[in-house]
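Residues per chain, in single letters:
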Amino acid sequence: MDTEIKFSGNQHSEKKGKNILFIISGSLSMFLWGMVLYLSVSVYDLEPLPPGYGFLYPIMAALSLLTGNLFFGHISDIYGRKIPFILSSILSSSGIMFASISQNYVEMSFSIFLANFSLGGEETVLLSYIFELFQNPLRSRLIIWITNMANAGVFFTAVSLFFLSDNTIQIRDFLGLSSLIILVLILMTRLRFQESEKWIESRKNGNKNFDIEEKAKEVWNYSGRHFRILSDFEQLSTGTVIITGFLLINIYFGYIYSNEPYYVSIITTFAGTLSGIILGIFSKTLPHKIIPLISFPTMAILVVSAAILSFYSLISMGFLIVILTARSFMSEIGWGSRDLLQTELTFTEYRSRHISYIRSFSYTILIFLYYVVFVLHPSLSLYLIIISVVEITGALGAIAWYFRGVETGRKDIS
């Protein structure tokens, strides 16, 4: 009997240790994702683009995020979570190392595509993995805190490049060395992961008669109609706000409009990192349908106000950055709600594909907006008006979900 108890305790300790490794690895990969996204801006100085091709690097980043989400979402549901998780590390390491030694804009474009392809798709797998490995309330906190590391990655990179901005050799060394260290740590931990038990079970049993409408009635006592349309609208609208806002405000706004790329990214991503930590602390008590209502309407009000003031030339750049920083603080709360709902609103067997479809729509919108920004060169006020349209749509999705949606944080459908 004593032997059995001791063995059980060892099993528990081993599982706990692997879970800690998972948390470390997932956090590092999101941190690295933030670095790569921000470096999609800084590489302009490493390998300048020909005149008229200013859109190439950001389009490559967004296109690779889109295709990476679709690719990894599909293979993760078919072959499991572990293999894609390891594969993404290998591909991202290849892309980042190649970026550090690229000698022209063609090689740099390819390296940006490869790195973002793997790291963008990895978040899709990561969310599925977290949902299936942990139980609430720890699961909700980990989803919020781990994905929040993307903000920390941008913040760290922007601060570092602020001091290295005049030395391209040092920037290359920084890119190669820091990413190499992180990727070695990621691979060392991931090789010890176990496959998702829920995914294995789903492959044995199958969910071929997948019906979110029926499950919503069964699990959450949903009494309305058109649940799938409602849930998809909430996810598509709010997800697009998060993706477009994160890249067009936190990463690219300073580069395009303020001539202070490092400064703007530093303060906006610091605000997002801080709010993500706070949200994780209170995620145990906050209903999941409340979180989007707190964030998205507030974000819309802030950006619309900035657009109106800018249109009538009633706002200075300094005050505009203050407003966008406040918006970034709220956006991490929205980011957390997006990731929670995207994992909770589908079955295990379809989870990664579902997340990839939602995100791919958002990246498609982002590619279109990149074209508008980098080819048509809109004025600052028009730039903010364009973003405001997206923000208002996200606010409508959050409001509709609050009044007609369900509370997904208490019971799982898989």
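Residues numbered from 1 in each chain as written. Predicted model: local features only at pLDDT ≥ 70, side-chain atom pairs only at ≥ 80, totals over all residues. Heavy atoms only, no water.

### Here's the deal with the overall build of the protein
- Along the protein, the regular secondary structure elements total 16 helices and zero strands.
- Over its C-alpha trace the protein gives a radius of gyration of 21 Å, about what one expects of a compact globule, namely 22 Å for 414 residues.
- Overall, the C-alpha framework of the protein stretches about 70 × 50 × 35 Å when taken along its three principal axes.
- Considering the protein as a whole, with its 414 residues, one finds that 58% of them fall into the buried category.
- Looking at the protein alone, contacts between residues at least 24 apart form 85% of all its contacts between residues at least 6 apart.
- Surface summary for the protein: the accessible area is close to 17100 Å², and the carbon and sulfur share equals 67%.
- Measuring between centres, the 29 positive side-chain charges of the protein sit 7 Å from its 29 negative side-chain charges. (Helix = DSSP H or I, 4+ residues; strand = E, 2+ residues; numbered from the N terminus. Rg over C-alpha atoms; globule rule 2.2 N^0.38 Å. Buried < 20%, exposed > 50% of the residue type's maximum accessible area, 1.4 Å probe, protein only. Contact = heavy atoms within 4.5 Å. Areas by Shrake-Rupley, 256 points an atom, 1.4 Å probe, with all protein chains shown as cover. Lys, Arg positive; Asp, Glu negative; His and termini not counted. Charge placed at Lys NZ, Arg CZ, Asp CG, Glu CD.)

### Describing the pattern of salt bridges
- Inspection of the entire model under this criterion finds 13 salt bridges.
- A salt bridge links R81 to D77; the nearest nitrogen and oxygen atoms lie 2.8 Å apart. Considered together, R81 and D77 belong to a single accessibility category, that of buried residues.
- For K215, the salt bridge goes to E218, with nearest N and O atoms at 3.6 Å. (Salt bridge = Lys/Arg side-chain N within 4 Å of Asp/Glu carboxyl O.)

### Details of a nonpolar patch on the surface
- A surface patch of nonpolar side chains, amounting to about 640 Å² of accessible area, comprises W145, F270, L274, I277, I278, I281 and F282.
- With six residues, helix α12 (residues 261-282) is the largest single contributor of residues to the nonpolar patch.
- Structurally, the position occupied by F282 is in helix α12.
- F282 sits in the partly exposed class, given a relative accessible area of 47%. (Patch = residues over 30% accessible without salt bridge, like charges linked within 9 Å, V, L, I, M, F, W, Y side chains within 5 Å.)

### Considerations on unusual backbone geometry
- For the bond running from N136 to P137, omega is 5 degrees, close enough to zero to count as cis.
- Within the secondary structure, P137 is located in the loop between α4 (105-133) and α5 (138-147).
- Backbone geometry at N221 places phi at a positive 55 degrees, although glycine is not the residue there.
- Inspection of the secondary structure assignment puts N221 in the loop between α9 (212-220) and α10 (227-251).
- Positive phi, normally seen in glycine, also occurs at H226, with a value near 60 degrees.
- Locating H226 in the fold gives a position in the loop between α9 and α10.

### Considerations on the nonpolar core
- Counting residues in hydrophobic clusters, the biggest one holds 98 residues, and the most contacted among them are F22, W33, L247 and Y370.
- Ranked by residue count, the leading element in this core is helix α1 (residues 2-46), at 13 residues.
- Excluding its chain neighbours within four sequence positions, the residues that come into contact with W33 are L65, L119, G120, E123, A150, W335 and Y363.
- With 12 residues, the next largest nonpolar core counts I212, A216, F227 and I413 among its residues. (Core = buried A, V, L, I, M, F, W, Y, C linked by side-chain atoms within 4.5 Å.)

### Things to note about the side chain of K289
- If you trace the backbone, K289 turns up in the loop between α12 and α13 (291-311).
- Although buried, K289 forms no salt bridge, and the nearest oppositely charged side chain, E407, lies 6.4 Å from it.
- For K289, the side chain forms a polar contact with the main-chain oxygen of Y402, separated by 2.9 Å.
- Separated by 3.4 Å, the side chain of K289 and the backbone oxygen of G405 make a polar contact.
- Those residues in contact with K289 that lie beyond four places of it in its chain are W401, Y402, G405, V406 and E407. (Polar contact = N/O pair within 3.5 Å; in protein donor to acceptor, adjacent residues only side chain to side chain.)

### Considering the packing of aromatic side chains
- Overall, the coordinates contain 32 aromatic pairs when judged by the stated rule.
- Between the aromatic rings of F113 and F117, the centroid separation amounts to 6.0 Å while the plane-to-plane angle is 20 degrees, which identifies the pairing as stacked. In this pair, F113 and F117 both sit in helix α4, four residues apart, roughly one turn of the helix.
- Geometrically, the ring pair formed by F246 and W335 is edge-to-face, given 5.0 Å between the ring centres and 80 degrees between the ring planes. Placement of the pair is F246 in helix α10 and W335 in helix α14 (residues 317-344), with a sequence separation of 89 residues. (Phe/Tyr/Trp six-rings, centres within 6.5 Å; stacked < 30°, edge-to-face > 60°.)

### Here we look at the environment of T168
- By the element assignment, T168 lies in helix α7 (residues 168-190).
- Taking the C-alpha atoms as reference points, T168 and E47, separated by 121 residues in sequence, lie 9.7 Å from one another.

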